[in-house]
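Observations on chain architecture
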Amino acid sequence: MTVFDHPAFDAHEHVVFHNDAASGLKAIIAIHNTARGPAVGGCRM
């Protein structure tokens, strides 16, 4: 089982994986719902 098999990931509209070798960035961007348009958003690290 991986972290993406967890039920918390079931209701996302879109999940994007990004890897930037130059900076060492590894990111997962998960969009829950876009029905009300673009969001201000938040970031978890």
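Residues numbered from 1 in each chain as written. Predicted model: local features only at pLDDT ≥ 70, side-chain atom pairs only at ≥ 80, totals over all residues. Heavy atoms only, no water.

1. Notes on the pairing of strand 2 (residues 25-31)
Quick reminder of the rule: Pairing between two strands requires that DSSP report at least two bridges joining them. Each helix corresponds to a stretch of at least 4 residues labelled H or I by DSSP, and each strand to a stretch of at least 2 residues labelled E; elements are numbered beginning at the N terminus.
Looking at chain direction, strand 1 (residues 14-20) and strand 2 are connected through seven bridges and run antiparallel. Residue Val16 lies in a different strand from strand 2, and its bridge partner there is Ile29. Counted between consecutive antiparallel strands, the loop separating strand 1 from strand 2 contains four residues, among which Gly24 sits at a positive phi close to 85 degrees.

2. Regarding a nonpolar patch on the surface
Selection criterion: Patches in this entry comprise residues that are over 30% relatively accessible and not in a salt bridge; like charges within 9 Å are linked, as are nonpolar side chains (Val, Leu, Ile, Met, Phe, Trp, Tyr) within 5 Å. All accessibility values rest on the Shrake-Rupley procedure with a 1.4 Å probe; residue burial counts only the protein chains present in the view. For salt bridges, the criterion is a side-chain nitrogen of Lys or Arg within 4 Å of an Asp or Glu carboxyl oxygen. When accessible area is computed with a 1.4 Å probe and restricted to protein chains, residues below 20% of their type maximum are described as buried, those above 50% as exposed, and intermediate ones as partly exposed.
Together, Val3, Phe4, Phe17 and Ile28 make up a nonpolar patch on the protein surface, roughly 390 Å² of accessible area in all. Relative to the elements of secondary structure, Phe4 occurs in the segment before strand 1. Given a relative accessible area of 34%, Phe4 falls into the partly exposed group.

3. Comments concerning the environment of Lys26
Defined as follows: For this analysis, residues touch if any pair of their heavy atoms sits within 4.5 Å.
Relative to the elements of secondary structure, Lys26 occurs in strand 2. Each residue touching Lys26, except ones within four places of it in the same chain, is listed here: His18 and Asn19.

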